[in-house]
Amino acid sequence: MQEERIMALMKPLSVQKLSLLFSILILKHFRNPKRSTHQDKFYTSDSVEYHKFQVLGHRQDLEDKFLIFNVETSLLRSSSLFPYFLLVAFEAGSPIRAFIFLILYPFITLCRDSLALKLMVMICFVGLSKERFREGRAVLPKFFLENVGRESFEVLRRGKKTVGVSNLPQVMVESFLRDHLDIDYVVGKDLKVFCGYFVGLMEEKGELVVPDNVLCNAVGISGCKKDFGCPWFAHCKEIYLVNEQERRNWHQLPRNSYPKPLIFHDGRLAFRPSFLAALAMFMWLPLGFTLGIIRILVALTLPFEIAVPLMHFIGIKIRVSKPNTLSTSSSNRKDGKAKRRLYVCNHKTLLDPILVSYGTRSTTLTAVTYSLSRMSEIISPIKTVRLTRHRDQDAELMHKLLSQNDLVVCPEGTTCREPYLLRFSPLFSEISNEVFPVAVNCHISMFYGTTARGLKFLDPLFFLMNPWPGYSGRFLGVVRCGDGDGDGGDSRFEVADLVQSEIGKVLGFTCTKLTRKDKYLILAGNDGVVRDGSR
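Residues numbered from 1 in each chain as written. Predicted model: local features only at pLDDT ≥ 70, side-chain atom pairs only at ≥ 80, totals over all residues. Heavy atoms only, no water.

**Looking at the UniProt feature "transmembrane region" (unreviewed entry) in the protein chain**
As a reminder, the rule being used: UniProt positions are given in the numbering used here, feature names are shortened, and annotations may be inferred rather than shown by experiment. Secondary structure counts use DSSP, requiring at least four H or I residues in a row for a helix and at least two E residues in a row for a strand, with both numbered from the N terminus.
Residues annotated in UniProt with the feature "transmembrane region" (unreviewed entry) correspond here to residues 84-108 and 269-287. A distance of 15 Å separates the end C-alpha atoms of residues 84-108, which is 96% helix and 0% strand. End C-alpha to end C-alpha, residues 269-287 measures 17 Å, and it is 68% helix and 0% strand.

**Here's the deal with the packing of helix H15 (residues 275-301) against helix H16 (residues 304-313)**
To keep things clear, this is the line we draw: Axes, fitted as lines to C-alpha atoms, cover a helix only where it is in contact. Angles between the N-to-C directions of the axes lie from 0 to 180 degrees. For classification purposes, angles smaller than 35 degrees are called roughly parallel, those larger than 145 roughly antiparallel, those between 65 and 115 roughly perpendicular, and all remaining angles oblique. Crossing handedness: left-handed means the near helix sits turned counterclockwise from the far one by under a right angle, and right-handed means the same turn made clockwise. Contacts are residue-level and defined by heavy atoms, with any inter-residue pair within 4.5 Å sufficient. Basically, the charged four are Asp, Glu, Lys and Arg, the nonpolar ten are Ala, Val, Leu, Ile, Met, Phe, Trp, Tyr, Cys and Pro, and anything else, Gly included, counts as polar.
H16 packs onto H15 with a crossing angle of 165 degrees between their chain directions and a minimal axis gap of 8 Å. Relative to H16, the element H15 is oriented roughly antiparallel. Crossing geometry of H15 relative to H16 is assigned as left-handed. Residue-level inspection shows Arg-295, Val-298 and Ala-299 of H15 in contact with H16, the latter providing Ala-307, Leu-310 and Met-311. Here the contact of H15 with H16 is composed, by residue class, of 5 nonpolar, no polar and 1 charged.

**Side note on empty space enclosed by the protein**
Defined as follows: In this analysis, the protein atoms alone were mapped onto a 1 Å grid. Cavities are point sets where a 1.4 Å probe fits without being able to get out; pockets are open sets with protein on both sides within 12 Å along at least five of seven lines; lining residues have an atom within 4 Å of a point. Grid points are joined across faces, edges and corners, and a volume is the space filled by probe spheres set on the points.
All chains considered together, the criterion is met by 4 cavities of 30 Å³ or more. Reported here for the largest cavity is a volume of approximately 490 Å³. Contributing to the lining of the largest cavity are 31 residues, with Leu-350, Leu-351, Pro-353, Ile-354 and Pro-381 lying nearest its centre. Mapped by element, the contributors of at least two residues to the lining of the largest cavity are H15, helix H17 (352-360), strand E10 (366-369), helix H18 (374-379) and helix H20 (459-464). Looking at the lining of the largest cavity, its residues break down into 24 nonpolar, 6 polar and 1 charged.

**Re unusual backbone geometry**
Trans is the common state for peptide bonds, and a negative phi is the common state for residues other than glycine. Non-glycine residue Asp-182 carries a positive phi angle of around 60 degrees. Along the polypeptide, Asp-182 turns up in the loop between helix H12 (170-181) and strand E4 (185-194).

**Remarks on helix H22 (residues 516-523)**
So the rule is basically this: A 1.4 Å probe rolled over the protein chains alone gives each residue an accessible area, and that area as a share of the maximum for its type sets the label: buried under 20%, exposed over 50%, partly exposed in between. Relevant arc is that of directions from the helix axis to the C-beta atoms, nothing else.
Buried within H22 we find Arg-516, Lys-519, Tyr-520 and Leu-523. Down the axis, H22 shows its buried residues gathered within 90 degrees of arc, on one side only. Where H22 is buried, its residues touch helix H9 (135-138).

**Quick word on the nonpolar core**
Under the convention used in this document: Throughout, nonpolar core names a set of buried Ala, Val, Leu, Ile, Met, Phe, Trp, Tyr and Cys residues whose side chains join them through atoms within 4.5 Å.
Leu-75, Phe-85, Phe-101, Phe-125, Phe-176, Leu-177 and Leu-181 are the most contacted members of the largest nonpolar core, which has 110 residues in total. Residues Val-385, Leu-401, Ala-496 and Phe-509 belong to the second largest nonpolar core, which totals 27 residues.

**Some thoughts on the pairing of E10**
Formally: The rule for pairing is simple: two strands pair if DSSP sees at least two bridges between them.
The side-chain alternation of E10 yields two buried faces, one formed by Thr-366 and Val-368 and the other by Ala-367 and Thr-369. Alignment of E10 against strand E11 (residues 383-386), held across 4 bridges, turns out to be parallel. Along E11, the bridge assignment pairs Val-368 with Val-385.

**Comments concerning the packing of helix H7 (residues 95-108) against helix H8 (residues 113-125)**
H8 packs onto H7 with a crossing angle of 165 degrees between their chain directions and a minimal axis gap of 10 Å. Classified by the angle their axes make, H7 and H8 are roughly antiparallel. Every pair of crossing elements has a handedness; the one defined by H7 and H8 is right-handed. Contacts between H7 and H8 involve Arg-97, Phe-101, Leu-104, Tyr-105 and Ile-108 from the former and Ala-116, Leu-119, Met-120, Ile-123, Cys-124 and Phe-125 from the latter. Grouping the constituent residues of the contact of H7 with H8 by class yields 10 nonpolar, no polar and 1 charged.

In structure tokens:
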């Protein structure tokens, strides 16, 4: 009877059903076995203590601790990864790739977090050149820094050593953490490469070698326990948890609290591209492009008296101020004869000389520059002349031009977006015994009108595509370079530093000794020389 009862129970189970049940059990047991085994040991360990993050800030012994933290869940205020991947798609890829990512993102959010991350990496990275990818160094750090929580960073900087663990690709976060926050070790995901191009797939990064006596004092910081699957957290005897609400209440890390000042960065987007902000940008693009073309035509074809009021009407705010003594001041050549004025201004965009021409109401003003694309040279409403970077030749050329017309020069040699002034080349102080400094600044909300690696002939168009671009210029008093005979006056370097200092005071900018070469080595990996006008 008992055997018949067992046979009756097994009869409804077919061979196919038994096979399916057996397969499910096997897959469940062996799915990601290393991680499962490690997690079981971690969670069942009696030596691990969990605390709230607020407690960590009151500890006095952090100087002897090795702090291991998750970048996304315990350093950044917002957990959304969309802005950073859209920046990769837009800046390293193209606006078309970024638009495709924007359209697909609502569907990506329906997936599990791990699958969603893999899909975003695939869409934004596949086909990009590994050698040419510099957005992780030139673009992303600015936006990461603006999302860092002050409370979290103040705790991390007290640690003896710090390890940043991230689920993002290493190329996205390494420069931000190492170069800007002074994090000692960065553990991200490696991207697979085929024939020099990313294939859009991630793989685990190899282990970093760290002395055991350092790891014995490790303290972990994370936002959720699923992060503890990382082998680094296995060394932690104490874990401090950060909840979502706590992160939202963190304050933004002030710029003056950055371990290193953010002076150089690249990319076209000037705003944090959240999903709604990116959607608004793509909706604005057709209108912005049309409006940018109209603004260019107005500047090229109409006289100053009509162009300036009309520009105000179509959204460009131009503000110029001049001292009363500027119109009556005169300058003399070293031989006593009257000569033209030499205007010296800081460099924000390619439109700086045009602002000076508007302020002086001069149609004969000549601009000299170290690099200029052929297209920008063609569409410029004032005469532009390129310098050769050979000091004697450039000095002779500027002398000749100044004897014919008023001259404007940007001695920084390149643009700087942040409130800093680069080193002023002293060449202008050898051309005239009087110079007229001009402090210029621009205001944008959507697109930067400068680039280090992109198409430079599009710089003016991108600036004018902003909804409400603004330009301001302030003409300062004359600065004398010598006594008129070239003897006994201030040295050319002292004059250059003096002019830089005067412009910096007016604008509230910080003066530096950095040069054009420093900028391009950081952002583009080259010396910044534009050859054949191709850029």
